[in-house]
Amino acid sequence: MLTFEHVSFYYRKGQLIVDDVSFTIEAGEYVALVGPNGSGKSTIAKLMNGLLLPKKGSVSFKDLMTSNPGDLAMIHEQIGYIFQNPEDQFITTTVMDEILFGLENIRVPREEICMRIEHALQAVQMEGYAGAMPHELSGGQKQRVAIAAILAMRPQIIIFDEATSMLDPEGREQVMKNMKELHRQGMTIIHITHHMDEVLFAKRLLLLHEGRIKFDGEPATFFETVNVTDYQLDKPFSVRLHQNLHLNTPLTADWKEMIRSEWNAN
Ligand SMILES: Nc1ncnc2c1ncn2[C@@H]1O[C@H](COP(=O)(O)OP(=O)(O)OP(=O)(O)O)[C@@H](O)[C@H]1O
Ligand SMILES: [Mg+2]
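The paragraphs below set out a description of the structure included in this document. Starting from 1, residues in each chain are numbered consecutively following that chain's sequence as written. Chain labels run from A onward and ligand labels from 1 onward, assigned in the order the entries are written. At least 70 in pLDDT is required for a residue's local features to be given in this predicted model, at least 80 for side-chain atom pairs to be given and counted, and no such filter applies to totals for whole chains, interfaces and linings, which use all residues. Each side-chain value is derived from all of the structure's non-hydrogen atoms; neither hydrogens nor water enter the calculation.

This part is about helix H7 (residues 169-184). Residues spaced three or four apart along an α-helix face the same direction, because each turn holds 3.6 residues. With 16 residues, H7 should cover 22 Å at 1.5 Å per step; its first-to-last C-alpha distance of 22 Å lies within 8% of that length. The classification of residues rests on relative accessible area computed with a 1.4 Å probe and restricted to protein chains. Under 20% of the type maximum is buried, over 50% is exposed, and intermediate values are partly exposed. By the criteria applied, helices consist of DSSP H or I runs no shorter than four residues and strands consist of E runs no shorter than two, each listed in order from the N terminus. Residues Gly-171, Arg-172, Val-175, Met-176, Asn-178, Met-179, Leu-182 and His-183 constitute the buried set of H7. Taken down its axis, H7 places every buried residue within 155° of arc, on the same side. Those residues of H7 that are exposed and angled more than 90 degrees off the buried face are Pro-169, Glu-170, Glu-173, Lys-177 and Arg-184. The contact criterion used throughout is that any non-hydrogen atoms of two residues lie within 4.5 Å. Along its buried surface, H7 packs onto strand E3 (30-34), helix H5 (110-123), helix H6 (139-152), strand E7 (157-161) and strand E8 (188-192). By definition here, a helix of n residues has an expected span of 1.5 Å times n minus one. Directions from the helix axis toward the C-beta atoms define the arc.

Turning next to the site of ligand 1. Only a single heavy atom is needed: when it lies within 4 Å of a molecule or strand, its residue is near that molecule or strand. In the vicinity of ligand 1 there are 13 residues, among which Gly-38, Gly-40, Lys-41, Ser-42 and Thr-43 approach most closely. Side-chain atoms alone can form a polar contact between residues adjacent in sequence; in general such a contact is a pair of N or O atoms within 3.5 Å, and within protein one must be able to donate a hydrogen while the other accepts it. Separating an oxygen atom of ligand 1 from a backbone N or O atom of Ser-39 is a distance of 3.2 Å. Protein chains bury 61% of the 640 Å² of accessible surface belonging to ligand 1 in isolation. If you tally residues by element for the shell around ligand 1, the top one is helix H1 (residues 41-48), at three residues. The residue classification treats Ala, Val, Leu, Ile, Met, Phe, Trp, Tyr, Cys and Pro as nonpolar and Asp, Glu, Lys and Arg as charged. All others, Gly included, are polar. In terms of residue class, the shell around ligand 1 is built from three nonpolar, seven polar and three charged. Each accessible area is a Shrake-Rupley estimate made with a 1.4 Å probe; only the visible protein chains count as cover when residues are assessed.

Salt-bridge detection follows one rule: a side-chain nitrogen of Lys or Arg within 4 Å of a carboxyl oxygen of Asp or Glu. If you walk through the whole model with that rule in mind, you get ten salt bridges. In this structure, Arg-110 and Glu-104 form a salt bridge, with 3.1 Å as the shortest nitrogen-oxygen distance. Judged by relative accessible area, which is 60%, Arg-110 ranks as exposed. Residue Glu-257 pairs with Arg-260 through a salt bridge whose shortest N-O separation is 3.0 Å. Of the two residues, Glu-257 and Arg-260 both sit in helix H10 (residues 255-265), three residues apart, roughly one turn of that helix. Within this structure, Glu-29, Arg-204 and Asp-216 form a network of salt bridges that share partners.

We now examine the sheet that holds strand E2 (residues 16-25). Pairs of strands are assigned from DSSP output, requiring at least two bridges between the strands. Ordered by their spatial adjacency, four strands build an open sheet running E2-E1-E4-E5, and the pairing between neighbours is antiparallel. What marks the edges here is a single partner per strand, and that holds for E2 and strand E5 (64-65). Two strands pair when backbone bridges link them, and strand E1 (residues 2-10) and strand E4 (residues 56-61) are joined in this way by five bridges, in the antiparallel orientation. Bridging from a neighbouring strand, Glu-5 pairs with Ser-58 of E4. Here H1 sits on the sheet in contact with E1, E2 and E4, set at roughly 55° to E2. The axes are straight lines fitted to the C-alpha atoms, using for helices just the contacting stretch, and the angles between their N-to-C directions are given from 0 to 180°.

Note that all results are geometric; they support no functional claim without further evidence.
Structure representation (structure tokens):
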């Protein structure tokens, strides 16, 4: 559905940031994208929804191409992008306006707008906050409003670019919950993160290093076959537990569940 074909990109000529990258993400996938700082993750994310255009190769979404100016509006509408810093998200004065802004941009009919705002705020448990202003919200709440603003546009793919990195554990957990629920409802999720415990929720992991894809497969296989410290990444607790205790039960994000299932099998 979303296809990179031999994509190369640089900001300055001679300094390749994305180097001949090809992959396809299918509808309904939940993909984690990891890699060290500066490896090109955010650049890839911006190439995905046409905020940046490839210097070589092509990025297509269904039958639309980011290199085709006539397709860009549709691509922005279908592929939502949540930035790392919740402070960067807000461009208007209230939560309601923030969601409204996007909907007016894509010319949603007046009579549909109220319903979309209401549903989007419900989805992120922010119903009571339509009139709230940015400074009245916590970082986690701002991030959830950003998600609501994207949800209201009814995209097919949402890219979370380190959307949990500025949040405390509780805020992170709430955003993760939203992500999992959206995936359960069939949304395609692309999750860029440094929190390696979060990648265990994904079905597929892409490792980016020096502008190239170094691994593409299941997170469990990733932790078995790749030396994560080579890429300035760390092993989450449940992976260390699984490896150190030589558990037979499949690796999951929930270490308590893993222990329980190992015990029950014995
Ligand atoms: N607007 C820009 N102009 C010039 N160089 C840039 C620009 N944005 C990013 N870069 C460079 O491109 C490289 C990749 O940056 P990118 O933001 O894609 O990495 P990243 O993997 O998202 O990093 P992080 O984990 O720190 O978010 C870095 O070397 C960065 O300095
Ligand atoms: Mg980044």
